[in-house]
Amino acid sequence: GVPAMFYSACYPAFDLFSLARSLTPFCYDLHDCPEAIERACEAATPAIIATAKIPLRITRGKRVCIFPMRSSASFISPRTFERLAWPHLKRIVENFAQSGIVSVLHCDGNWLPMLPYLRELPRASCVIELDGCTDIFKAKEILSDWLCLKGDVSAALLAQGEPTEVAEYCSRLTHDFGESGGFILSSGCEVPLDAKLENVA
């Protein structure tokens, strides 16, 4: 009886290619052949959407997780994001939104320079998962009236902090975000394997 956070998942084409090529060769590609990356992303995006919709049809789920893990400012410049990553990520989210499916964007790294772009997405179409590298309080200033934020109790705090520290940070998050809604209290990225049970509790 517990609903899943998401029922299907996919990578945007830009991130899929970056992960498949590995970071250093892909960085050379960005310099040497950006037009080829652009064409490849355009060609791959319809298949990515279609494949991600298969589990949604089977489960009748209404949420899909999208992993733009190499699209943050930790990896690329805002200019590269705008040209090569953003158009296809936007296309995927808009396609799912037209089908009544909410996209959960798993945003590793520093997304602060990229967050204003997310206001171009349909309102209430996404949950933005932040991992602690993006200042969630600044993210709130940019997105809180537009998209849902999720996070961002850090792996370090869950593994090495004290229960009182975790409680204080959670209290700050729920106090600052809770009244206006559009917030899910969660770990930043994942709960680490060495997290203290009392911290998770």
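Residues numbered from 1 in each chain as written. Predicted model: local features only at pLDDT ≥ 70, side-chain atom pairs only at ≥ 80, totals over all residues. Heavy atoms only, no water.

Visitor: Lay out the overall build of the protein chain with the relevant residues and their values.
Guide: Along the protein chain, the regular secondary structure elements total nine helices and six strands. Evaluated residue by residue, the protein chain yields a buried proportion of 43% over its 201 residues. The long-range share in the protein chain, meaning contacts at least 24 apart out of those at least 6 apart in sequence, stands at 72%. The centroid of the 19 positive side-chain charges in the protein chain is displaced by 9 Å from the centroid of its 24 negative side-chain charges. (Helix = DSSP H or I, 4+ residues; strand = E, 2+ residues; numbered from the N terminus. Buried < 20%, exposed > 50% of the residue type's maximum accessible area, 1.4 Å probe, protein only. Contact = heavy atoms within 4.5 Å. Lys, Arg positive; Asp, Glu negative; His and termini not counted. Charge placed at Lys NZ, Arg CZ, Asp CG, Glu CD.)

Visitor: Account for the pattern of salt bridges, with residues named and values stated.
Guide: Enumeration over the complete set of coordinates arrives at eight salt bridges. Close ionic contact of D29 with R21 constitutes a salt bridge, the shortest N to O distance being 2.7 Å. Taking relative accessible area as the criterion, R21 reaches 42% and is therefore assigned partly exposed. Note that R119 is salt-bridged to D145, the shortest N-O span being 2.8 Å. Note that R119 is positioned in the loop between α5 (115-118) and β4 (126-130) and D145 in the loop between α6 (136-143) and β5 (148-153), a separation of 26 residues in sequence. For R119, a relative accessible area of 31% gives the class partly exposed. Judged by its relative accessible area of 42%, D145 falls in the partly exposed class. Linked by salt bridges that have partners in common, E35, E38 and R83 make up one network. (Salt bridge = Lys/Arg side-chain N within 4 Å of Asp/Glu carboxyl O.)

Visitor: Which residues make up the environment of I48, and what are the values?
Guide: Position of I48 relative to the elements: it lies in helix α3 (residues 34-59). A sequence separation of 39 residues divides I48 from P87, and the C-alpha atoms of the two residues are 14 Å apart.

Visitor: Describe α6, naming the residues involved and giving the relevant values.
Guide: An α-helix turns once every 3.6 residues. As a result, residues three or four positions apart point the same way. Here α6 has its buried residues at I136, F137, A139 and L143. Buried residues of α6, seen end-on, are gathered within an arc of 155° and therefore sit on one face of the element. The inward-facing, buried residues of α6 abut α5, β4, β5, α8 (163-178) and β6 (183-187). Capping the start of α6 is the job of one residue whose side-chain oxygen sits 2.9 Å from the backbone nitrogen of F137: D135. (Arc of directions from axis to C-beta. Polar contact = N/O pair within 3.5 Å; in protein donor to acceptor, adjacent residues only side chain to side chain.)

Visitor: An account of the side chain of H106 is needed here, citing residue identities and associated values.
Guide: Within the secondary structure, H106 sits in strand β3 (residues 102-107). Using a relative accessible area of 5% as the deciding quantity, one classes H106 as buried. Within the local environment of H106, its side chain forms a polar contact with the side chain of E129, the two groups lying 2.6 Å apart. In this structure H106 touches C65, I66, F67, P68, M69, E129, C189 and E190, once residues within four positions along its chain are discounted.

Visitor: An account of the environment of C148 is requested, with residue identities and associated values reported.
Guide: Position of C148 relative to the elements: it lies in strand β5. With relative accessibility at 16%, the residue C148 sits in the buried group. The spatial distance from the C-alpha of C148 to the C-alpha of I136 is 11 Å, given a sequence separation of 12 residues. Beyond its immediate chain neighbours, meaning those up to four positions away, C148 contacts C126, V127, I128, G182, F183 and I184.

Visitor: Break down the sheet that holds β5 for me, with residues and values.
Guide: The strands making up a sheet are joined through hydrogen bonds of the backbone, oriented either antiparallel or parallel. Here six strands make up an open sheet; going across it, the order is β1-β2-β3-β4-β5-β6 and the pairing parallel. In the strand order of this sheet, the two ends are held by β1 (8-10) and β6, each with one partner. Direction aside, the axes of adjacent strands within the sheet are offset by 20° on average. Two elements, strand β2 (residues 63-66) and β3, share four bridges in a ladder whose sense is parallel. Directly across from R63, in β3, lies its bridge partner V102. Against the sheet, α3 touches β1 and β2, its axis set at about 165° to β1. The sheet strands contacting α6 are β4, β5 and β6, and the helix crosses β5 at an angle near 175°. (Pairing = 2+ DSSP bridges. Axes fitted to C-alpha atoms, helices over the stretch in contact; angles between N-to-C directions.)

Visitor: Before we move on, could you go through the nonpolar core and cite the residues and values that matter?
Guide: Judged by nonpolar contacts, the single largest core of 49 residues is most densely connected at F14, I66, L105, L118 and I128. By residue number, the principal contributor to this core is helix α4 (residues 78-98), which donates eight residues. Formed by five residues, the second largest nonpolar core is a distinct cluster that contains C65, F67, V127 and C148. (Core = buried A, V, L, I, M, F, W, Y, C linked by side-chain atoms within 4.5 Å.)

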